[in-house]
Amino acid sequence: MKFTHTLKFQIGLALLALIALFSFFSLHTLKILDEQRTQGALLRLAGELQATAQHMAMQAMNYEKNTPQDTAAYTRDLRLYYRDLMNNTAQFDDICKAFSSGDFQRQLEMHEPMNPVLGENTLNAAFALEQYWKHFLLDLDKTMGPDDMPHLASAAKLIVDRNPELLENTRNLLKALDTDIQQRTRETNIIIRASFVVALIIAVGIMFWFYQRVLRPLGAAVEGFHQVSTGNFAYQLPLKADNEIGFIARSFNQLASRLKNLFRLTTRLQEGSDLDETLEFVSKNFPELLPLDWVGVLFVSSDGNIQLERAYADGEPEELGILRFSLKNTLLEDCLNSGQPLHIPDIRETALQSSSYRFLQVLSERGRRDAIFLPVTSRSPIPGVLVFATRQAHAYQKEHMELLSNLATVITLSFSRTLKLAEHARLAAIGQFVSDIAHEIRTPLATVSMALDYFETTELPEPARKRLALAEQEMARINRLLADILLYARPFSLNPVKTDICPILQNTIDSQLSQAREKQLSIQLHCSQSSLPLVADADRLQQIFINLINNAVDAAIPGSTVEIDAAPADDEVLRVSIKNLGEVIAEENLERVFEPFFTTKSDGTGLGLAITRRLVQAHGGSISLQSDSNGTVFVLRIPRML
């Protein structure tokens with residue numbers, strides 16, 4: 001951006017123009033005031049000329065009327081009238097010369113320190129007055145005679161006779177001066193008006209420029225920020241100015257475009273469940289945000305290695321075969337441990353630093369020069385690293401790193417969700433497969449069961465009879481396992497109705513009494529209220545309590561008591577605890593007991609508690625297990641939802 005195109009320069013120039021206009025008008029106003037004072041002073045001087053001429057005429061007329069009759073009177077008049085006459089002629093002569101020469105410095109020092117310029121008409125009138133005055137003085141000197149004995153009476157008569165003509169010349173000067181002053185005033189007014197119009201045009205032009213170049217673009221920018229704040233990321237500012245506001249507009253448009261692409265990418269990542277589709281989408285759309293021509297994802301395997309799972313180059317899948325690397329002492333390991341994006345500005349140089357950097361060597365062999373590692377660990381079922389790379393050396397600048405640092409959480413969480421969806425799809429497929437296998441196994445098992453039933457009616461030796469009984473037990477165990485597998489694999493459907501948890505618990509206890517008596521156990525139920533209503537599937541609740549009470553009876557020591565307490569946890573949740581005195585469960589197994597196929601019983605399937613937790617969660621509740629020397633307690637929290 002050129003400095004002359006910046007608002008800093010342009011606004012500064014506009015302010016200087018306004019300051020220049022203000023200075024011009026201030027100086028011009030001062031000049032006009034000076035001229036007005038000068039004109040006033042000139043008029044006063046011209047008035048003094050006229051007043052002096054009139055004074056000399058009045059003195060002369062008085063002297064003619066009162067001509068002295070003796071020497072004493074003459075001496076008195078010589079001392080008074082002659083001296084006054086000389087002073088008046090000297091003053092008139094001095095002012096007259098100032099007008100004719102145009103030099104008023106000495107005369108105006110008495111009034112104002114000025115040196116005005118007279119107009120041509122005034123100078124002509126002043127010249128005519130001066131010529132007449134010179135002749136007047138010569139005639140006056142001749143008439144008065146010697147200075148020691150001047151003829152005052154003759155001089156007075158001359159002054160009275162010549163005074164009208166002198167006054168006429170003086171009035172001509174005053175009239176010419178007044179005409180020149182009026183002319184100059186008109187010219188000054190024209191200049192003032194013209195200057196005001198020019199200044200007004202310049203000021204309006206500056207205001208229009210300021211509106212067009214500053215206020216209007218700022219208004220558009222404000223509207224743009226408002227549009228983006230409401231979620232319209234596609235909004236673009238129509239500004240192309242080569243100044244700071246244009247830079248803001250371009251930055252805003254870039255930001256809005258990035259937000260739009262990010263929103264689109266995030267939406268696509270949230271929708272994606274296929275790793276190939278997700279990587280392909282990233283490889284084709286991320287180049288709008290940062291330099292990118294290669295993207296790949298590596299996953300950590302259980303053996304401590306890391307494997308390149310998928311890769312796309314220039315938007316197309318890249319077939320690289322099986323690439324497995326040791327994770328130890330690599331930058332990939334550093335990235336996973338730190339949980340932060342890692343920038344490798346020069347892949348070729350960095351790959352030479354250690355023989356363990358085999359993945360960087362692979363990238364270098366494929367012509368990539370700059371890369372960024374993004375860890376995919378947060379809530380991801382499989383830890384991994386998402387890699388962005390480009391052929392340009394040092395392509396990723398600070399702005400790209402800041403962008404990725406800000407987007408890292410969103411990208412990794414979205415990518416983790418994609419992996420979760422893929423993992424869930426894989427588990428769903430496995431569940432469907434297991435369910436199908438269970439159904440297929442049941443048919444041959446039914447045939448085997450019928451064969452065993454046949455041998456029950458046949459005379460067999462004792463050893464064979466024992467083997468038959470063992471086979472029937474194992475057959476029953478397999479059937480239970482298949483039933484549990486089918487129950488766990490298929491989705492649950494609930495039939496919620498308004499019911500009461502206390503009768504359900506009591507019915508469940510009644511069904512377990514025979515098993516409890518065999519171990520000399522007692523089962524005690526305590527409901528804090530006579531009725532604890534809730535909305536739930538009564539059959540599923542009974543299934544939950546059968547599993548838990550059956551486990552408690554199996555684990556309790558003979559002669560002990562299984563305690564069941566039911567009470568409101570708060571207004572919206574019921575709490576049920578089932579406690580038995582039995583062997584303490586190891587701490588590392590407290591959470592594992594709810595995992596499918598985990599069991600410590602020789603004849604257990606490991607699915608009972610897993611199914612129980614799924615049933616509890618289907619009701620929107622939770623189940624936990626505590627075990628210490630005081631006993632083992634299952635705690636259920638089930639919403640009442642009344």
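Within each chain, residues carry numbers counting from 1 in the order of the written sequence. Note on the predicted model: pLDDT of at least 70 is required for a residue's local features to be given, and 80 or more for side-chain atom pairs to be given and counted; whole-chain, interface and lining totals, by contrast, use all residues. Heavy atoms throughout the structure, all of them, feed into the side-chain values; hydrogens and water do not.

A. Broad picture of helix α15 (residues 538-555). Between its first and last C-alpha atoms α15 spans 26 Å; for 18 residues at 1.5 Å apiece the expected length is 26 Å, and the two agree. The complete set of buried residues in α15 reads Arg540, Leu541, Ile544, Phe545, Leu548, Ile549, Ala552 and Val553. Any pair of N or O atoms that falls within 3.5 Å is considered a polar contact. Within protein, one atom must be able to donate a hydrogen and the other to accept it, and sequence-neighbouring residues count only if both atoms are side-chain atoms. Secondary structure is summarised from DSSP: a helix means a run of H or I of at least four residues, a strand means a run of E of at least two, and numbering begins at the N terminus for each. Its side-chain oxygen at 3.1 Å from the backbone nitrogen of aspartate 539, aspartate 537 defines the N-terminal cap of α15. By this rule the span expected of a helix is its residue count minus one, scaled by 1.5 Å. Accessibility here uses a 1.4 Å probe with only protein chains present; expressed as a share of the type maximum, an area under 20% marks a residue as buried, one over 50% as exposed, and anything in between as partly exposed.

B. How the structure looks around a nonpolar patch on the surface. Exposure above 30% relative accessible area and the absence of a salt bridge qualify a residue for a patch, where like charges join within 9 Å and nonpolar side chains (Val, Leu, Ile, Met, Phe, Trp, Tyr) within 5 Å. In this description, accessible areas are obtained by the Shrake-Rupley approach with a 1.4 Å probe, and a residue is regarded as covered only by the protein chains that are shown. What makes a salt bridge here is a side-chain nitrogen of Lys or Arg within 4 Å of a carboxyl oxygen of Asp or Glu, nothing more. There is a patch of nonpolar side chains on the surface, built from Leu13, Leu15, Leu16, Leu18 and Ile19 and spanning about 470 Å² of accessible area. Residue leucine 18 is classed as partly exposed on the basis of its relative accessible area, which comes to 35%.

C. The pattern of salt bridges, seen in detail. Here the structure, examined in full by the defined rule, presents nine salt bridges. Here arginine 368 and aspartate 293 are joined by a salt bridge, their closest N and O atoms 3.1 Å apart. Here arginine 368 is found in the loop between α10 (358-365) and β6 (370-376), whereas its partner aspartate 293 is found in the loop between α7 (275-285) and β1 (294-300), with 75 residues between them in sequence. When sorted by exposure, arginine 368 lands in the same class as aspartate 293, which is buried.

D. Structural detail: the sheet that holds strand β12 (residues 573-580). Strand order in this open sheet of five strands is β9-β11-β12-β14-β13, and the pairing throughout is mixed. Single-partner strands in this sheet number two, and they are β9 (522-527) and β13 (622-628). Within this sheet the neighbouring strands show an average axis-to-axis angle of 15 degrees, counted without direction. Alignment of β9 against strand β11 (residues 561-568), held across six bridges, turns out to be parallel. Paired with isoleucine 523 across the strands is valine 562, a residue of β11. The criterion used for residue contact is that any of the two residues' heavy atoms lie within 4.5 Å. What counts as an axis is a line fitted to C-alpha atoms, over the stretch in contact for a helix, and the angles between N-to-C directions run from 0 to 180 degrees. Strands β9, β11 and β12 of the sheet are contacted by helix α13 (residues 501-511), whose axis makes an angle of about 175 degrees with β9. Each of β9, β11, β12, β13 and β14 (631-639) touches α15; the most contacted strand, β12, lies at about 25 degrees to it. Strand pairing follows a simple DSSP-based rule, namely that at least 2 bridges must link the two strands.

E. Structural detail: empty space enclosed by the protein. In this analysis, the protein atoms alone were mapped onto a 1 Å grid. Cavities are point sets where a 1.4 Å probe fits without being able to get out; pockets are open sets with protein on both sides within 12 Å along at least five of seven lines; lining residues have an atom within 4 Å of a point. Grid points are joined across faces, edges and corners, and a volume is the space filled by probe spheres set on the points. Under the counting rule described, the total for this entry stands at two cavities of 30 Å³ or more. One number sums up the size of the largest cavity: a volume of about 70 Å³. Around the largest cavity sit Phe325, Ser326, Thr330, Leu331, Leu332, Ser356, Tyr357, Arg358, Phe359, Leu360 and Phe373, which together line it. Of all the elements, α10 adds the most residues to the lining of the largest cavity, at three residues.

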